[in-house]
Amino acid sequence: QVQLVESGGGLVQPGGSLRLSCVASGSIFRVYDMGWYRQAPGKQRELVASITSDDTTKYADSVKGRFTIYRNNAENTVYLQMNSLKHGDTAGYYCSADIIQLYEPEDWYWGQGTQVTVSS
C-alpha cells in the first residue's frame, strides 16, 4: 500500500509564510508527477502547483510568484513553499502523486490533506 502524508499546515497572518511537506511511503517502485491541490469550502478542488520527475513545474495563475514547489526524489517528498499568503489561500491542501508500486500498475494517490488558514 502507498500512503501520502502531508504536514505543515496551520494558521498564519496575511503576508506570512508556510511550508507544506508530503511524504510518499510504501512499496513504491517509482514516483512520477507530484502536485498540490486545494479546496476551499463550497469550491471545487483546484491545482495549485505540480512538478514532474525531472523538475518541470506548473503553477496556478493565482499563486505564481508566491508559491514554489520542489521535491526530493531520494525521499519521495514534495514541498510547497508558500509566501505572501492571502486570505484567498485559505483551504485544505492535498498532495497527489503518480506512483508505480512494486507489482502494481501506475496510479494516482492522494493524501488526507492539511488545513491552511490565513487570518489576522
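Here, the structure is the one placed above.
Residues numbered from 1 in each chain as written. Predicted model: local features only at pLDDT ≥ 70, side-chain atom pairs only at ≥ 80, totals over all residues. Heavy atoms only, no water.

Caption draft 1: Local environment of the overall build of the chain. In terms of regular secondary structure, the chain is built from zero helices and 11 strands. Starting at the N terminus and walking to the C terminus, you meet the elements of the chain as β-β-β-β-β-β-β-β-β-β-β. Overall size of the chain, expressed as C-alpha extent along the three principal axes, is 50 × 25 × 25 Å. Within the span of the chain, comprising 120 residues, buried residues form 41% of the whole. Residue pairs in contact within the chain that sit at least 24 positions apart in sequence constitute 56% of those at least 6 positions apart. When the accessible surface of the chain is totalled, it reaches about 6,500 Å², and 46% of it is carbon and sulfur. Side chains of the chain carry 10 positive and 12 negative charges; the gap between the two charge centres is 10 Å. (Helix = DSSP H or I, 4+ residues; strand = E, 2+ residues; numbered from the N terminus. Buried < 20%, exposed > 50% of the residue type's maximum accessible area, 1.4 Å probe, protein only. Contact = heavy atoms within 4.5 Å. Areas by Shrake-Rupley, 256 points an atom, 1.4 Å probe, with all protein chains shown as cover. Lys, Arg positive; Asp, Glu negative; His and termini not counted. Charge placed at Lys NZ, Arg CZ, Asp CG, Glu CD.)

Caption draft 2: A look at a negative patch on the surface. A grouping of Asp33, Asp54, Asp55, Glu106 and Asp107 is seen on the molecular surface, where their side chains present a negatively charged patch. Tracing the backbone shows glutamate 106 in the loop between β9 (91-101) and β10 (107-110). (Patch = residues over 30% accessible without salt bridge, like charges linked within 9 Å, V, L, I, M, F, W, Y side chains within 5 Å. Salt bridge = Lys/Arg side-chain N within 4 Å of Asp/Glu carboxyl O.)

Caption draft 3: View of the pairing of strand β1 (residues 2-7). Alternating positions in β1 separate cleanly, Val2, Leu4 and Glu6 being buried on one face and Gln3, Val5 and Ser7 remaining unburied on the opposite face. The pairing of β1 with strand β3 (residues 18-26) spans six bridges and is classified as antiparallel. Bridge pairing in β3 links valine 2 to glycine 26. (Pairing = 2+ DSSP bridges.)

Caption draft 4: Structural context of the environment of valine 2. Here valine 2 lies in strand β1. When the C-alpha positions of valine 2 and phenylalanine 29 are compared, they lie 10 Å apart, and in sequence the two are 27 residues distant. Residues contacting valine 2, with those up to four places away along its chain left out, are Ser25, Ile28, Ile99, Gln101 and Tyr109.

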